[in-house]
Amino acid sequence: MTSSGAQSSPAPTPPTEFQQLLRAQRVWDVDLPAFDPAAAPADPLPLFHAWFAEAVAAGQAEPHTMGLATVDEDGGPDVRTVMLHDADDHGWHFASHATSRKGRQLAARPEAALHFYWASQGRQIRIRGRVVTAPHAESLADLHARSAGALAAALVGRQSEVLDTYEELERSSAAAWDRAQADPGADAPTWTLYVLEPAEAEFFQGDARRRHVRLRYRKGGVGGKRWIKELLWP
């Protein structure tokens, strides 16, 4: 206690071993590219294509992976990493089983958010919008254009179900690989191609002095079809 009767502040707690390790990590220990939002195109797709190509050229590992966020029937959030299959005038494409957890969530509430993070350039992209399903024939064509391993994984199915033993997965996977190699056109009934139709897209360019550039595109104007560009405070 001090002479005035006020309680003194407790001594600071020394950082834990994990906190020391965490705080020792560096962020963007590279030369970051410049980004002039005034020169950005009128809609987000060409900028996404350009940034993706630059991420590949910079050696970013797995730039085609992205976070996919959904919500369940009760509004509970969920997120996982999935692979981008395409990005075109229809939207951003990804795939999964309709019977999986994410498939059931999208059936109940067909809206989602995507997140790309490319540390090699201090860039991230966030996209939100409505999700639609492609026809089954289109879903299969997308699957068959990929590797035998992708087809085998799709043929295993049962994604997100409880697995009793790992040996059961080994047996199912071996059978699926045999079928995928013997029948490259095999059907995977629940495999579904999803397309996120963007209503909002944000491009974030990191800055070493924390003066990050955030450019947001959002649908607006008459009929909500025109892209509006605006800067956000970092």
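The structure under discussion appears in the preceding block.
Residues numbered from 1 in each chain as written. Predicted model: local features only at pLDDT ≥ 70, side-chain atom pairs only at ≥ 80, totals over all residues. Heavy atoms only, no water.

Section: the overall build of the protein
Argument step 1. A count of helices and strands for the protein gives six helices and nine strands.
Argument step 2. In summary, the protein has a C-alpha radius of gyration of 23 Å against a globular reference of 17 Å for 234 residues, an excess of more than 25%.
Argument step 3. Seen along its three principal axes, the alpha-carbon backbone of the protein occupies a region of about 80 × 50 × 40 Å.
Argument step 4. Residue burial in the protein is summarised as follows: out of 234 residues, 35% are buried.
Argument step 5. The contacts in the protein between residues at least 6 apart in sequence include a share of 63% that link residues at least 24 apart.
Argument step 6. Of the roughly 14,300 Å² of accessible surface on the protein, 53% is carried by carbon and sulfur atoms.
Argument step 7. Charge centroids of the protein, computed over 25 positive and 30 negative side chains, lie 8 Å from each other. (Helix = DSSP H or I, 4+ residues; strand = E, 2+ residues; numbered from the N terminus. Rg over C-alpha atoms; globule rule 2.2 N^0.38 Å. Buried < 20%, exposed > 50% of the residue type's maximum accessible area, 1.4 Å probe, protein only. Contact = heavy atoms within 4.5 Å. Areas by Shrake-Rupley, 256 points an atom, 1.4 Å probe, with all protein chains shown as cover. Lys, Arg positive; Asp, Glu negative; His and termini not counted. Charge placed at Lys NZ, Arg CZ, Asp CG, Glu CD.)

Concerning the pattern of salt bridges
Pairs can form between side chains of opposite charge whenever their charged atoms are close.
Argument step 1. Per the stated rule, a full pass over the model turns up 11 salt bridges.
Argument step 2. With a closest N to O distance of 3.3 Å, Glu-197 and Arg-130 form a salt bridge. Linking Glu-197 in strand β7 (residues 191–205) with Arg-130 in strand β6 (residues 123–133), this pair joins segments that are 67 residues apart in sequence.
Argument step 3. Residue class for Arg-130 comes out partly exposed when judged on its relative accessible area of 48%.
Argument step 4. Where Arg-158 meets Glu-168, a salt bridge forms, and the shortest distance between an N and an O atom there is 3.3 Å. On the criterion of sequence distance, the pair formed by Arg-158 in the loop between α5 (148–156) and α6 (166–182) and Glu-168 in helix α6 is long-range, its members being 10 residues apart.
Argument step 5. Within the structure, one salt-bridge network assembled from shared partners comprises Asp-78, Arg-80 and Arg-101. (Salt bridge = Lys/Arg side-chain N within 4 Å of Asp/Glu carboxyl O.)

Regarding the side chain of Arg-123
Argument step 1. Of note, Arg-123 is situated in strand β6.
Argument step 2. The exposure class of Arg-123 is buried, given its relative accessible area of 2%.
Argument step 3. The residues touching Arg-123, leaving out its near neighbours within four places in the chain, are Pro-33, Ala-34, Trp-51, Glu-54, Phe-116, Tyr-117, Trp-118, Phe-204 and Gln-205.

Remarks on helix α2 (residues 44–57)
Argument step 1. When the terminal C-alpha atoms of α2 are compared, their 20 Å separation across 14 residues agrees well with the 20 Å that a helix rising 1.5 Å per residue should span.
Argument step 2. Every buried residue belonging to α2 is among Pro-44, Leu-45, Leu-47, Phe-48, Trp-51 and Ala-55, and all of these are buried. Down the axis of α2, the buried set is contained in an arc of 155°. They therefore lie on one face.
Argument step 3. Its side-chain oxygen 3.3 Å from the backbone nitrogen of Leu-45, Asp-43 forms the N-cap of α2.
Argument step 4. Within two residues after α2, Gly-59 carries a phi angle of roughly 85°, on the positive side. (Expected span 1.5 Å × (residues − 1). Arc of directions from axis to C-beta. Polar contact = N/O pair within 3.5 Å; in protein donor to acceptor, adjacent residues only side chain to side chain.)

Overview of the packing of aromatic side chains
Argument step 1. Evaluation of the coordinates by the stated rule reveals 12 aromatic pairs.
Argument step 2. When the centroid spacing of 6.1 Å and the interplanar angle of 45° are considered together, the rings of Phe-48 and Trp-118 count as tilted. With Phe-48 in helix α2 and Trp-118 in strand β5 (residues 111–118), this residue pair connects regions lying 70 residues apart in the sequence. Across this residue pair, the class does not change: Phe-48 and Trp-118 are buried. (Phe/Tyr/Trp six-rings, centres within 6.5 Å; stacked < 30°, edge-to-face > 60°.)

A look at the pairing of β6
Argument step 1. Relative to β6, β5 is paired through eight bridges, and the arrangement is antiparallel. Opposite Trp-118, over in β6, you have Arg-123 as the bridge partner.
Argument step 2. In sequence, β5 turns back onto β6 through a hairpin of four residues, with Gly-122 there showing a positive phi of about 65°.
Argument step 3. Here β6 runs beside β7; their pairing, made up of 11 bridges, is antiparallel. When the bridges of β7 are listed, Arg-123 appears paired with Gln-205. (Pairing = 2+ DSSP bridges.)

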